[in-house]
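The chain contents come next:
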Amino acid sequence: MSSERRVHEHLVETRTGAVATLRIDRESALGALSRPMVEALGGYLTALRSDEDVRVLVLTGTGRGFIAGADINEYSGVTRTAFDDYQKLSRGVFDQLAQLPQPTIAAVNGYALGGGFEIALCCDFLVASTAARFGLPEISLGLLPGGGGTVRLARQVGVRLTKELVLTGRRLKPDEAHRLGLLTALTEPDDLLARAGELAATIAAQAPLAVQEGKRLVDDGVETGLAVALTREQQVLSWLSTTDDAREGIAAFLEKRAAVFHGR
C-alpha cells in the first residue's frame, strides 16, 4: 500500500512500505528550486532523520526536469547579504541530505543542473534515465557552484573532468556519466522509478542498523586515515554483533528462512 501527501506546493511524498519517494513537482520551471522550496526541503529532511518508519529515501522530479538548478529570478537585484544568506541555506540543506542516516537514491528523470546536480551528488546512489542531463552551468552567469559541486564532483569523477564541466558549463549525458562510474544504473525513462524502487526495496529489507552504519563507515572512511578507518570498522562490527538484528540474521541463515529485521 502507498500513501501520498503534499509536503509543500512543489514537493510530494509517496510512501510504500519503508521507502519514501519525494518528488519535485514544479514541471513548469523544470523543478527549479525557489527559496521556499529549499526551506521546505530542509524541514522535511529534519523530520525524516528521526523517522524510523523510513529506511530509504528516493528523490525524483517531474516531466523533463529533475531539478534544473536554482530559480534565477530570485538572484536578480538582490544584495550580497541576501545572496549569501540563500547560498548558506542551500548549503545547509544539501549537507542535511548528504548526512541523512537513511540511504538516499537520486532517480534523475531529466535536467539535473546547478543545484540539481549538486543535490544528486549528495545522494548515496544515482539512477538516471536516458533523458537525464547533468551540468554545472553557473559559469555562464559569471558565477560558480556554491552547493558542493566543485568538491563532491571532483571526489566522485576526478579533478580534470570536474574542471572541464565547471569552467565550460558543458552538459554531461547519462551514457558518459555511466561510463565514468557516476551512475548506479542507467535506464529507459519508463523504467526509472521501477529500477530506483527495486534498489530501495532491496536496501530497506536489510538490517537498518547495519545499513546506516555501513553508509557512515564508507563516508567517514574516505575522509580519514586508513588505520583509523579500519579500527572504526571493527568497532562498529563488534557493536552490531550484540544487536537483535544480528542474532535474527544469523538465526535466519541457519534456519534457511528470510530474516525479519526491526532495527534493534
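It should be emphasised that the depicted structure is a prediction, and the values quoted were computed from it without experimental measurement. (Residues numbered from 1 in each chain as written. Predicted model: local features only at pLDDT ≥ 70, side-chain atom pairs only at ≥ 80, totals over all residues. Heavy atoms only, no water.)

What should I look at first to understand the state of the cysteines in this one?
Two cysteines form a disulfide when their sulfur atoms are joined by a covalent bond. Enumeration over the complete set of coordinates arrives at zero disulfides. With no disulfide of its own, Cys 122 lies closest to Cys 123 among cysteine sulfurs, the gap being 6.8 Å. Here Cys 122 falls in the buried class, since its relative accessible area comes to 5%. Taking the relative accessible area as the measure of exposure, Cys 123 reaches 10% and is therefore buried. (Disulfide = S-S within 2.5 Å. Buried < 20%, exposed > 50% of the residue type's maximum accessible area, 1.4 Å probe, protein only.)

What should I look at first to understand helix H2 (residues 80-98) in this one?
Between the first and last C-alpha of H2 there are 27 Å, a value that for 19 residues agrees with the 27 Å anticipated at 1.5 Å per step. Among all positions in H2, only Tyr 86, Gln 87, Ser 90, Val 93, Phe 94, Asp 95, Leu 97 and Ala 98 are buried. Against helix H1 (35-49), strand S4 (56-60), strand S6 (104-108), helix H3 (115-122), helix H4 (149-157) and helix H8 (208-221) lie the buried residues of H2. (Helix = DSSP H or I, 4+ residues; strand = E, 2+ residues; numbered from the N terminus. Expected span 1.5 Å × (residues − 1). Contact = heavy atoms within 4.5 Å.)

Quick question: what am I supposed to make of a nonpolar patch on the surface here?
Residues Ile 139, Leu 144 and Leu 167 make up a contiguous nonpolar surface patch of about 280 Å² in total accessible area. Examined against the element boundaries, Leu 167 turns out to sit in helix H5 (residues 159-168). Residue classification places Leu 167 among the exposed positions, given a relative accessible area of 58%. (Patch = residues over 30% accessible without salt bridge, like charges linked within 9 Å, V, L, I, M, F, W, Y side chains within 5 Å. Areas by Shrake-Rupley, 256 points an atom, 1.4 Å probe, with all protein chains shown as cover. Salt bridge = Lys/Arg side-chain N within 4 Å of Asp/Glu carboxyl O.)

I tried to follow the packing of H8 against helix H9 (residues 226-240) on my own but got confused; where do I start?
Two quantities define a packed helix pair, namely the angle between the helix axes and the distance between the axes. Close contact between H8 and H9 brings their axes to 10 Å; oriented N to C, the two are set at 175°. Taken together, the axis directions place H8 and H9 in an arrangement best described as roughly antiparallel. The residues of H9 that touch H8, namely those facing Leu 209, Ala 210, Glu 213, Arg 216, Leu 217 and Gly 221, are Ala 229, Arg 232, Glu 233, Val 236, Trp 239 and Leu 240. Looking at side-chain class alone, the contact of H8 with H9 contains seven nonpolar, one polar and four charged residues. (Axes fitted to C-alpha atoms, helices over the stretch in contact; angles between N-to-C directions. Parallel < 35°, antiparallel > 145°, perpendicular 65-115°, else oblique. Nonpolar A, V, L, I, M, F, W, Y, C, P; charged D, E, K, R; others polar.)

Can you help me understand the environment of Ala 205 in this one?
Mapped onto the elements, Ala 205 comes out in the loop between helix H7 (192-204) and H8. Look at Ala 205 and you get partly exposed, because its relative accessible area is 45%. A C-alpha to C-alpha distance of 8.5 Å links Ala 205 and Ala 18, two positions 187 residues apart in sequence.

Can you help me understand the pattern of salt bridges in this one?
Close approach of charged atoms allows side chains with opposite charge to pair. Applying the stated criterion across every chain yields a total of 21 salt bridges. For Arg 23, the salt bridge identified is with Asp 25, shortest N-O distance 3.3 Å. Residue Arg 23 is classed as partly exposed on the basis of its relative accessible area, which comes to 25%. Of the charged contacts, one joins Arg 155 and Glu 223 as a salt bridge, the two residues approaching to 2.5 Å between their closest N and O atoms. In this pair, Arg 155 sits in helix H4 while Glu 223 sits in the loop between H8 and H9, placing the two residues 68 residues apart along the sequence. When salt bridges that share partners are traced, they join Arg 5, Glu 13, Arg 15 and Asp 51 into one network.

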